[in-house]
Amino acid sequence: MGLWDLPPMDVRSLLCEERAALLVLLDHLDSSAWDQSTVCPGWSVKDVALHILDDDLGWLSRGRDGDRSGLLTGFTDHESFIMALHDKNQRWVKTTRVLSPRVIGTLLGVAGTEMDAYWSSMDLMAEGRVAWASPHPVPLWFDIAQDLTERWVHQQQIRDAVDRPGLRDERFLGAVLRTFLWALPLHYSPLAGPDADLVIQLSGAGGGFWRLQRRQGHWDLVELSSASSVESPAATIEIDTDSAWRLLTGASFDQDRLVLSGDQDLAGHFVGARGILV
């Protein structure tokens, strides 16, 4: 079963809640908190907030208004595109650092209202693009879900930097991880071999069970009701949900919370999976 075969996962209400929580958080930070370093190399809390604003304005300009002047095009390989994207992000943050926290919060609020209206107008089964999940178009609902993962992760990075509890209840973590795990079929595609099943068990809020299966050289992902739904899997991966989102974004996590069983080549390949552009 591929993404086009799944019922849409509509996360637009979660996006509204995530934005509201971010605005409350930022409104209660003092100036020293805005200067705190985050896990994003060289970026402070203020820089991450500016990056989120850039994401909003990009969606509105390119998607809603059809202005492609800021679109990165003409790349022949993934690495050069990633470097260009990194440079673009850095230029934006460097240029907008002169804005005050109050102005940034106001702009995020205005852009958020515009984004809510834009998201509500979208056809969830239109075509979108998520490069880390597929080289081909994906349903737009998945593209929107990918945007939730990015915004949610950036908010967690801010919350970690200022030591505030994160939005890690089942609704948010469940939606984020169900999106991230679709990086696995593309990530595993270079691994050829006989038919095989990997069972992925995520424990904690938003967790569950998934089967990553290889059939005639093609990898696919299926959510399960329990780990016992698969008899004699080639490998098993067990990790808690808080560690899983960190691993899938390249952040540090407690390695003891990841347990790999069975075929170590298949299970170990999971560690390099990323639900972000890298």
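These numbers come from a predicted model, not from an experiment.

Novice: Looking at this structure, how should I read unusual backbone geometry?
Specialist: For residues other than glycine, phi is negative in most cases, and the peptide bonds are mostly trans. Notably, Gln216 is not glycine yet its phi reads approximately 50 degrees, a positive angle. A positive phi angle, close to 50 degrees, is found at Ser232, a residue other than glycine. In this structure Ser232 comes out as exposed when scored by relative accessible area, which is 73%.

Novice: What is the right way to read the sheet that holds strand E3 (residues 196–203) from this model?
Specialist: The pairing of strands in a sheet happens through backbone hydrogen bonds and is either parallel or antiparallel. The sheet built from five strands is open, its strands ordered E5-E4-E3-E6-E7 with mixed pairing. Strands with a single pairing partner mark the edges of an open sheet, and in this sheet they are strand E5 (218–224) and strand E7 (259–262). Mean inter-strand twist for the sheet, computed between neighbouring axes without regard to direction, equals 15 degrees. Both E3 and strand E6 (residues 235–240) contribute to a ladder of six bridges, which runs parallel. Bridge pairing links Ile200 to Ile237 in E6.

Novice: Teacher, can you tell me more about the confidence of the model for the protein here?
Specialist: Note: predicted coordinates in regions of low pLDDT should not be interpreted at a detailed level. Overall, the predicted model of the protein reaches an average pLDDT of 95, with 100% of residues at or above 70. For the protein, the element scoring lowest by mean pLDDT is helix H4 (residues 78–96), at 92; strand E2 (residues 138–139) scores highest, at 98.

Novice: Help me understand the nonpolar core, please; the structure alone is not making it clear to me.
Specialist: Buried together is how nonpolar side chains tend to be arranged in soluble globular proteins. Counting residues in each nonpolar core, the largest one holds 57 residues, and the members touching the most others are Phe142 and Leu184. Apart from residues lying up to four places away in sequence, Phe142 is in contact with Leu3, Val130, Trp132, Ala133, Thr179 and Trp182. Core analysis: the next-biggest nonpolar cluster, separate from the first, contains 20 residues, Leu29, Ile52, Leu108 and Val162 among them.

Novice: When you look at the pairing of E5 in this model, what are you seeing that I'm missing?
Specialist: For a regular strand, the rule is simple: side chains alternate between the two faces of the sheet. Relative to E5, strand E4 (residues 208–215) runs antiparallel, the two being bridged by seven bridges. Across the sheet, Arg215 pairs through a bridge with His218, a residue of E5. Two successive antiparallel strands, E4 and E5, enclose a turn made up of two residues, where Gln216 displays a positive phi of approximately 50 degrees.

Novice: I tried to follow the pattern of salt bridges on my own but got confused; where do I start?
Specialist: When their charged atoms lie close together, side chains carrying opposite charge are able to pair. Taken as a whole, this structure holds 19 salt bridges when the rule is applied. Measuring nitrogen to oxygen at the nearest pair gives 2.9 Å for the salt bridge that ties Asp10 to Arg12. In this structure, Arg246 engages Asp160 in a salt bridge whose closest nitrogen and oxygen atoms are separated by 3.2 Å. A residue pair is termed long-range when its members are at least 10 positions apart, and Arg246 in helix H9 (residues 241–247) and Asp160 in helix H6 (residues 140–161) qualify at 86 residues. Owing to a relative accessible area of 36%, Asp160 belongs among the partly exposed residues under this scheme. Where salt bridges share partners, they join Arg19, Asp55, Asp56, Asp147 and Arg151 into one cluster.

Novice: Looking at this model, I keep getting lost on helix H5 (residues 101–120). Mind explaining?
Specialist: Every α-helical turn comprises 3.6 residues, leaving residues that sit three or four positions apart pointing alike. In a regular helix each residue adds 1.5 Å, so 20 residues correspond to 28 Å; H5 covers 28 Å between its end C-alpha atoms and thus fits that length. Turning to H5, its buried residues number three or more, namely Ile104, Leu108, Ala111, Gly112, Met115, Tyr118 and Trp119. One face of H5 carries all of its buried residues, which in axial projection span an arc of 125 degrees. For H5, the exposed residues set more than 90 degrees away from the buried face come down to Arg102, Thr113 and Ser120.

Novice: Looking at this structure, how should I read the environment of Leu181?
Specialist: Its place among the elements puts Leu181 in the loop between helix H7 (170–180) and helix H8 (184–188). Residues Leu181 and Arg159 lie 22 residues apart in sequence; the distance between their C-alpha atoms is 23 Å. Apart from the residues lying within four places of it in its own chain, the contact partners of Leu181 are Leu202, Trp210, Leu221, Leu248 and Phe270.

Novice: Sorry if this is basic, but what is going on with the packing of helix H3 (residues 45–64) against H5 here?
Specialist: Pairs of packed helices are described in terms of their axes, by the angle between the two and the distance that separates them. Orientation of H3 relative to H5, taken along the N-to-C sense of each, is 35 degrees, at an axis distance of 10 Å. Crossing angle aside, the handedness with which H3 passes H5 is left-handed. Contact residues: Lys46, Ala49, Leu50, Ile52, Leu53, Asp56, Leu57, Trp59, Leu60, Gly63 and Arg64 in H3; Ile104, Leu107, Leu108, Ala111, Gly112, Glu114, Met115, Tyr118 and Trp119 in H5. Its residues assigned to classes, the contact of H3 with H5 comprises 14 nonpolar, two polar and four charged.

Novice: Is there a simple way to explain the packing of aromatic side chains in this structure?
Specialist: Throughout the structure, instances matching the rule amount to six aromatic pairs. One aromatic cluster is present, formed by Trp132, Trp141, Phe142 and Phe180 through successive ring pairs.

Novice: Where do I start with helix H1 (residues 12–27) in this structure?
Specialist: Taking 1.5 Å per residue, 16 residues should reach 22 Å; H1 reaches 23 Å between its end C-alpha atoms and fits that length. Where H1 is concerned, the buried positions are Arg12, Leu14, Leu15, Glu18, Arg19, Ala21, Leu22, Leu25 and Leu26. Here the buried face of H1 lies against helix H2 (31–34), H3, H5, H6 and H7.

Scoring rules and cut-offs
Throughout this description, residue numbers start from 1 for each chain and increase along the sequence as written. Since the coordinates come from a predicted model, pLDDT governs what is reported: local features require at least 70, and pairs of side-chain atoms require 80 or more to be given and counted, while whole-chain, interface and lining totals use all residues. The basis for every side-chain value is the complete set of non-hydrogen atoms in the structure, without hydrogens or water. Relative accessibility thresholds used throughout: buried, under 20% of the residue-type maximum; exposed, over 50%; partly exposed, between the two (1.4 Å probe, protein chains only). Between any two strands, at least two bridges found by DSSP are needed for them to pair. The helix count covers DSSP runs of H or I at least four residues long, the strand count covers runs of E at least two residues long, and both are numbered beginning at the N terminus. Lines fitted to C-alpha atoms define the axes here, with helix axes fitted over just the stretch in contact, and angles between the N-to-C directions of these axes take values from 0 to 180 degrees. As a per-residue measure, pLDDT reflects the predictor's confidence and takes values from 0 up to 100. By nonpolar core we mean a set of buried residues, namely Ala, Val, Leu, Ile, Met, Phe, Trp, Tyr and Cys, connected to one another through side-chain atoms within 4.5 Å. In this analysis, two residues are considered to be in contact whenever any of their non-hydrogen atoms come within 4.5 Å of each other. Counted as salt bridges are all cases of a side-chain nitrogen of Lys or Arg within 4 Å of a carboxyl oxygen of Asp or Glu. Multiplying one less than the number of residues by 1.5 Å gives the expected span of a helix. Comment: arc refers to directions from the helix axis out to C-beta atoms. Handedness of a crossing follows from how the near helix is turned relative to the far one, being left-handed for an anticlockwise turn of less than a right angle and right-handed for a clockwise one. By the convention adopted, Pro, Cys, Tyr, Trp, Phe, Met, Ile, Leu, Val and Ala count as nonpolar, Lys, Arg, Asp and Glu as charged, and the other residues, Gly among them, as polar. Think of it this way: a Phe, Tyr or Trp ring, Trp meaning its six-membered ring, pairs with another when their centres are within 6.5 Å, and the plane angle makes it stacked under 30 degrees, edge-to-face over 60, tilted otherwise.

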